[in-house]
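Each chain, written out:
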Amino acid sequence: MMPLAQIQAIPQSVDYIRILPELILSIFGIVVMILDPLVDEEKSQKTLGLIGFIGTLAGLASTWYMAKFPGLAFSNTIRVDGFSVFFNFLVIAIAAVVILSSFEYLAVQRIRAGEYYALILFSAVGMSVMSSAIELVLIFIGLEISSISTYILAGFRRNEASSAESSLKYFLLGSFATAFFLYGVALMFGATGSTNIDIISQRLLASRPEMLVYTSMALMFVGLGFKVAVAPFHVWTPDVYEGAPAPVVGFMSTAPKAAAFAVLLRVVFSINAPGRFWFLWVAAALSMTLGNVGALVQNNVKRLLAYSSIAHAGYLLVAFAMTTPDNSLTGISAAMFYTAAYAAMNVGAFAVVSHLANAGERYVNLEDYDGLGRTSPLLAATLTVFLLSLIGIPMTGGFFAKFYVFSAALRANLIWLTIIGVLNSAIGAYYYLRIIVAMYMRESRKEVPVGPISLGLGLALAVSFVATLYLGILPNRVLQVAQHSAQNLVSITPSTAGVAQNPRQTAGTN
Amino acid sequence: MNTDTLSPYILTLVTFVPLGGALLLTVLPRRDRDIRVIAFLVSLITFGLSLHLPVYFHRAIGGFQFDIDKSWISTPNIHYHMAIDGISLWLVVLTTFLTPLCVLISWKTVHDRVKEFFILLLVLETALIGVFTSLDLFLFYFFWEATLIPMALLIGVFGHERKVYAAVKFFMYTMIASVFMLAAILWLYAHTGSFDFVVIRDQVARGMVPNFSGAAQWLFLGFFIAFAVKVPLFPFHTWLPDAHVEAPTAGSVLLAGVLLKMGTYGMLRFNLGLFPEQARQNAPWIMALALIGIIYGALVAMVQPNMKKLIAYSSVSHLGFVVLGIFSFTQSGLNGAMFVMLAHGISTGGLFMLAGILHERRHTYEISEFGGLASPMPVYATSYLFIVLASVGLPLLNGFVGEFLVLNGAFQARPIYGILGATGVIWSACYLLWMFQRVFYGKVTHPINNGLADMLVFEKAAVWPCAVAALLMGVAPILWLGAIDPAVQATLNAFPQIVSKVVGQ
């Protein structure tokens, strides 16, 4: 049996198309690494950054191409469907915008390092793998690729102690968390005899889950919960976000989260994880509350946005607390929409923060934003839109994101969770408002130099601005895509028979 | 212009022309004069367009007119559904009427960030009109929240000393209250599959909504709390005096004139329209709060040393009348409530403009700083007296009609409500006339006030239309009530059914 299974598993050419974005991003990343020592020091920033940016564009194009070849690849470890395409696209798009907003930042901070761009690309590779893998071990590998890259990225302000602290903290706690995830995978293998999500879901359907399964789910949740920064695994977030370079924070508060949420969606809904309801309920309620309450007292804008990201992860988790297949559909699509909307507004907000931060990130406190509405009205107006979106004011993506999540929750009769959620979003309005108040209603007391907006940053801002408004005014299309993809995720369980014939046989040989 | 070609689009036009104007202003260079002229023209055009509504409005029909219903977002099922009935008709016109006056009154007073000021004013106008024209609950919420930002910025950027505190307080109060409404709207959508007011109303009336009986009270409260804060009903009123005192004049005018009416309009439309049974059950305590508001607001207004704060508390008192009328569930009470809303919009709008004129000259609202102003500023004093009399409810001016109808309705509901409410009329005469006496009569107490200039052209142009409207509404209320009455009748139609249902059980 074994050799036969291996023969079947020889990769076809279409298999490579199904990992095309990953391949292309890796190639570009390697090219950046190779060129780094070769190009002239002065120009290297621009050139390497441009290569990185082109790499992400090629990655986006290849994602689009890959979407035409849905199916399984590499011995059923990769699945290309609407769901994975959605997250691939999202992650690579975030990487593209972040690279754009980094040009200027790196120049201002005098960070000269081509590997910065390579690391962003590699990180994106890991996240792409996470969003299309349906094999827990492969997911773990993707998780590691992306995490290790972000650990290094967090420490890129080499001369700053806070950046080193950020990197080290993220690394130590992060590796601890991934170990939890791996442990969970191992236990799941022990309980079901497989690490393939499709097979696991079948096995779990077939028999009553044993204690081992619950333990495994809990451990995996700890690992993923750390990555998406939900309470009670959120403690690292403020310190890490405060120390890491601002564009990197924009990146790591959105892209790895999106990928980890993708995994969580697969684990929760494809496997149809047993006994998850209260777990998620409590985590969601806690994250929303702790995140918002924590943010109320922050004076450092990066810390403030860090707490806000905890709160947003909480809103997102509300969408996970669905249990029936019908509710699950709305829940999944709401969660997907939320990740996209959150990415648009948060990357944008951090792009503004990184522009204002100036050399050595001196200007990241609330009072540095005083009077910004007068000194640079355009930048202030843009940041205001992102903040309003984070509050969840109509016309912005953030509003629809919350709207979908809460209406999904109400449809599932999660009335208390919804009430906690809407109350939290009202509390949350206060601290975002503080930034707006500072910008428009106070006069600047000290000289805060604001440089001209460079082309790359302008482009990054424009993209996130348009995306935020687009999701707020015409959310239809993205939501339809999300709903369609959600169908992919849920329908796997009943219709596994056709797809998973093959894996069941291979697994039988184990 | 042919009615058939314009009518389907008129609501869209009226709603979005100000927004278009605001967008136009954003691209214009910062030449303050041009910006003022364009803002004024845009608001005037909007007013002109909005006059199409009463002209072509079929008064005999109680239902919605100028209907436009287009699918906007398919999932969730959100429609761009706008229409007006006699209730919203005049509120739209009130908004478009007050905005050009706001532009005029701000003509000389706003020097700094002129462009931003008028952009915010026009955006606010769009949001306000949208609130009154939307029939899709989602769209309604959309505009409802959209009013928050320009208003908070108007207060926070262009306000006086404690502007930031007032702006944030205003924002947080209304924001926290309105999320309850959002939750209620989401619940309704989750259980009816529609955001359309008319559809939901029919489904509720026919008992087709699952789990409705258990949730109805909470839904009622969810909507009610959002509206009660906006009105503001006692004890949710504490944001109002701060917001008013700190706001620039135009902000105060729109805040008192229109923004507060969003709350009472919401009660009339949604609390009564969707939950008639719960409205009836909750009426006693709501009317009690309204009465407390009437009397408390009046008493606090009486002792205010600050003119603007006095007018602000008088709003609390007057809006109490509106709530009293709405929850009397009588034809007269509802008609009166609607009329008080309009009359209060005109006369309090006028009072705030007049207070603003004084502030412009002396940079203070303290009543004790003035005295004997009638001799240096005769025209101003006369205009002021006229508006004050309209506000206290002198017969033949607009305040009288509404208060009379409301009290009539309250008497029908329960005599004690009417008796207590009637004292509010007396109180309002006390505090307003006393204030007038202190400010205008006698000798000039502070020499500096001798040199005060009388009203300028812009100021006359802003205040006098209010006076004319107040007179017109007082003399010929039927022009307004003719459209209001059928709509009120239609709203009340739901109530006998409820009674019979209760009896049937």
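What counts and what doesn't
- Residues numbered from 1 in each chain as written.
- Chains lettered and ligands numbered in written order.
- Predicted model: local features only at pLDDT ≥ 70, side-chain atom pairs only at ≥ 80, totals over all residues.
- Heavy atoms only, no water.
- Helix = DSSP H or I, 4+ residues; strand = E, 2+ residues; numbered from the N terminus.
- Rg over C-alpha atoms; globule rule 2.2 N^0.38 Å.
- Buried < 20%, exposed > 50% of the residue type's maximum accessible area, 1.4 Å probe, protein only.
- Contact = heavy atoms within 4.5 Å.
- Lys, Arg positive; Asp, Glu negative; His and termini not counted.
- Charge placed at Lys NZ, Arg CZ, Asp CG, Glu CD.
- Disulfide = S-S within 2.5 Å.
- Pairing = 2+ DSSP bridges.
- Axes fitted to C-alpha atoms, helices over the stretch in contact; angles between N-to-C directions.
- Parallel < 35°, antiparallel > 145°, perpendicular 65-115°, else oblique.
- Nonpolar A, V, L, I, M, F, W, Y, C, P; charged D, E, K, R; others polar.
- Buried area = accessible area lost by both parts, 1.4 Å probe.
- Salt bridge = Lys/Arg side-chain N within 4 Å of Asp/Glu carboxyl O.
- Core = buried A, V, L, I, M, F, W, Y, C linked by side-chain atoms within 4.5 Å.
- Expected span 1.5 Å × (residues − 1).
- Phe/Tyr/Trp six-rings, centres within 6.5 Å; stacked < 30°, edge-to-face > 60°.
- Patch = residues over 30% accessible without salt bridge, like charges linked within 9 Å, V, L, I, M, F, W, Y side chains within 5 Å.
- Areas by Shrake-Rupley, 256 points an atom, 1.4 Å probe, with all protein chains shown as cover.
- pLDDT = per-residue confidence, 0-100.

Asks: Just checking my understanding: could you explain the overall build of chain B for this structure?
Replies: A count of helices and strands for chain B gives 19 helices and two strands. Taken against the 2.2 N^0.38 rule, which gives 23 Å for 505 residues, the C-alpha radius of gyration of chain B at 22 Å falls within 12% of a compact globule. With the C-alpha coordinates of chain B rotated into their principal frame, the extents come out at 75 × 55 × 45 Å. A total of 505 residues make up chain B; the buried ones form 66% of that total. Restricting the contact set of chain B to residue pairs at least 6 apart, pairs at least 24 apart contribute 81%.

Asks: What exactly am I supposed to notice about the overall build of chain A here?
Replies: Helices and strands together make up the secondary structure of chain A, namely 24 helices and two strands. Rg of the C-alpha trace for chain A: 22 Å, near the compact-globule value of 24 Å for 510 residues, within the 12% margin. The buried share among the 510 residues of chain A stands at 64%. Residue pairs in contact within chain A that sit at least 24 positions apart in sequence constitute 82% of those at least 6 positions apart. Each charge sign in chain A was given a centre, from 28 positive and 24 negative side chains, and these centres are 6 Å apart.

Asks: Could you clarify how one ought to interpret the state of the cysteines in this entry?
Replies: In protein chemistry, a disulfide is the covalent bond that joins the sulfur atoms of two cysteines. Residue and element names in this part refer to chain B. Under the defined criterion, the tally for this structure stands at zero disulfides over all chains. Cysteine cysteine 102 remains unbridged, with the sulfur of cysteine 466 as its closest cysteine sulfur at 8.7 Å. Classification of cysteine 102 by relative accessible area gives buried; the value is 0%.

Asks: How should the pairing of strand E2 (residues 78-84) of chain B be read in this particular structure?
Replies: Each regular strand displays side chains that alternate between the two surfaces of the sheet. All names here are of chain B. Summarising burial for E2: six of the seven residues are buried, a large majority. Pairing geometry for strand E1 (residues 65-73) and E2, over six bridges, is antiparallel. By the bridge assignment for E2, isoleucine 68 is matched with methionine 82.

Asks: Would you mind showing me how to read the packing of helix H18 (residues 377-391) of chain A against helix H20 (residues 415-441) of chain A here?
Replies: Two quantities define a packed helix pair, namely the angle between the axes and the distance from one axis to the other. Residue and element names in this part refer to chain A. Axis separation between H18 and H20 bottoms out at 9 Å; the angle between their running directions is 175°. It follows that H18 is roughly antiparallel to H20 by the angle criterion. Here Pro377, Ala380, Ala381, Leu383, Thr384, Leu387, Leu388, Leu390 and Ile391 of H18 come into contact with H20, specifically with Ser425, Ala429, Tyr432, Ile435, Ile436, Met439 and Tyr440. The residue makeup of the contact of H18 with H20, split by class, is 14 nonpolar, two polar and no charged.

Asks: Just checking my understanding: could you explain the interface of chain A and chain B for this structure?
Replies: How big an interface is tends to be reported as the loss of accessible area on association of its parts. The interface of chain A with chain B comprises 37 residues on the first partner and 35 residues on the second. Taken over both partners, the interface formed by chain A and chain B buries close to 3200 Å², and the fraction arising from carbon and sulfur atoms is 75%. Interface area lost by chain A to chain B is led by Phe403(A), Leu410(A) and Met441(A), which between them contribute 19%. Run the count over chain A and chain B and you get one salt bridge. For Arg374(A), the salt bridge goes to Asp112(B), with nearest N and O atoms at 2.8 Å. Of all the elements in the fold, those that place two or more residues in the side of chain A that touches chain B are H18, helix H19 (397-411), H20 and helix H22 (476-491) of chain A. No other element matches the 13 residues that H20(A) contributes to the side of chain A that touches chain B.

Asks: Just to check I follow, could you spell out the environment of Asn424(A) for this structure?
Replies: Counting through the fold element by element, Asn424(A) comes out in helix H20. Ignoring anything within four residues of it in the chain, the contact list for Asn424(A) reads Met288(A), Thr289(A), Asn292(A) and Tyr315(A).

Asks: Teacher, can you tell me more about the nonpolar core here?
Replies: Most often, soluble globular proteins have nonpolar side chains that are buried together. Counting residues in each nonpolar core, the largest one holds 385 residues, and the members touching the most others are Phe320(A) and Phe327(B). At 20 residues, helix H6 (residues 163-192) of chain B tops the list of elements feeding residues into this core. With near-sequence residues (within four places) excluded, Phe327(B) lies in contact with Phe220(B), Phe224(B), Met267(B), Leu272(B), Ala279(B), Ala283(B), Ile286(B) and Met287(B). Ala73(A), Ile78(A), Val80(A) and Val85(A) belong to the second largest nonpolar core, which has six residues in total.

Asks: Looking at this structure, how should I read helix H8 (residues 161-192) of chain A?
Replies: Side chains three or four residues apart in an α-helix point the same way, a direct result of the helix having 3.6 residues per turn. Here H8(A) is 32 residues long and its end C-alpha atoms lie 46 Å apart, about the 46 Å a rise of 1.5 Å per residue gives. One or two steps after H8(A), the chain reaches Gly193(A), where phi turns positive at roughly 75°.

Asks: Any chance you could explain the environment of Leu410(A) here in plain terms?
Replies: Structurally, the position occupied by Leu410(A) is in helix H19. For Leu410(A), a relative accessible area of 3% puts it in the buried group. Discounting residues that sit within four places of it in the chain, Leu410(A) has contacts with Ile415(A), Thr418(A), Ala183(B), Leu186(B), Trp187(B), Ala190(B) and His191(B).

Asks: I tried to follow unusual backbone geometry on my own but got confused; where do I start?
Replies: Trans peptide bonds make up most of the peptide bonds, and negative phi angles are found at most residues other than glycine. Note that the residue after Ala231(A), namely Pro232(A), is joined by a cis bond; omega there is 0°. Of note, the bond from Val231(B) into Pro232(B) is cis; its omega dihedral lies within 30 degrees of zero at -10°. Within the secondary structure layout, Pro232(B) lies in the loop between helix H8 (212-230) and helix H9 (239-246). With phi around 55°, Phe329(B) is a residue other than glycine that occupies positive phi space. Following the sequence through the fold, Phe329(B) ends up in the loop between helix H12 (307-326) and helix H13 (331-362). The class of Phe329(B) is buried, set by a relative accessible area of 12%.

Asks: Any chance you could explain the pattern of salt bridges here in plain terms?
Replies: A side chain with one charge may pair with a side chain of the opposite charge, provided their charged atoms come close. Applying the stated criterion across every chain yields a total of 15 salt bridges over all chains. In this structure, the salt-bridge partner of Asp198(A) is Arg79(A), at a minimum N-O distance of 2.6 Å. With Asp198(A) in helix H9 (residues 197-206) and Arg79(A) in strand E2 (residues 78-80), the pair connects residues that are 119 residues apart, well separated along the chain. Each member of the pair, Asp198(A) together with Arg79(A), is buried. Across the pair Lys169(B) and Asp242(B) runs a salt bridge whose closest N-O atoms are separated by 2.8 Å. Highlighted residues: Lys169(B) in helix H6 and Asp242(B) in helix H9, separated in sequence by 73 residues. Overall, Lys169(B) belongs to the buried group, its relative accessible area being 18%. Note on Asp242(B): relative accessible area 12%, which makes it buried. The network of salt bridges with common partners includes Glu165(A), Lys169(A), Asp239(A), Glu242(A) and Arg303(A).

Asks: I keep staring at the environment of Ile311(B) and nothing clicks. Help me out?
Replies: Residues and elements named next belong to chain B. Tracing the backbone through its elements, the reader meets isoleucine 311 in helix H12. The exposure class assigned to isoleucine 311 is buried, which follows from its relative accessible area of 0%. Residues isoleucine 311 and serine 375, spaced 64 residues apart in sequence, show a C-alpha to C-alpha distance of 23 Å. If sequence neighbours within four positions are ignored, isoleucine 311 has contacts with Thr348, Leu351, Phe352 and Ala355.

Asks: I keep staring at the packing of aromatic side chains and nothing clicks. Help me out?
Replies: To describe a pair of aromatic rings, you give the distance between the ring centres and the angle between the ring planes. The full count for this structure, using the stated rule, is 74 aromatic pairs over all chains. Ring centres 5.2 Å apart and planes at 20° place the aromatic pair Phe400(A) and Phe138(B) in the stacked group. Here Phe400(A) is found in helix H19, whereas its partner Phe138(B) is found in helix H5 (residues 137-158) on a different chain. Across the pair, exposure class does not vary: Phe400(A) and Phe138(B) are buried alike. Aromatic side chains Phe223(B) and Phe275(B) sit 5.7 Å apart centroid to centroid with 45° between the ring planes, which places their arrangement in the tilted category. With a gap of 52 residues between them, Phe223(B) in helix H8 and Phe275(B) in the loop between helix H10 (249-274) and helix H11 (276-302) connect regions that are remote in the sequence. By relative accessible area, which is 0% here, Phe275(B) ends up buried.

Asks: Sorry, what's going on with a nonpolar patch on the surface here?
Replies: A contiguous nonpolar patch, built from Met395(A), Val466(A), Tyr470(A), Ile473(A) and Leu474(A) and spanning about 410 Å² of accessible area, is present on the exposed surface. Take Met395(A): it is sitting in the loop between H18 and H19.

Asks: How should the confidence of the model for chain A be read in this particular structure?
Replies: Regions with low pLDDT should not have their predicted coordinates read in detail. Residue and element names in this part refer to chain A. For chain A, the mean per-residue pLDDT works out to 85, and 94% of the residues sit at or above 70. Across residues 1-7 the pLDDT falls below 50, and counting only partners more than four positions away or on other chains, this stretch makes three contacts in the model. Confidence drops under a pLDDT of 50 for residues 493-510, and excluding neighbours within four residues, the segment shows 20 contacts in the predicted structure.

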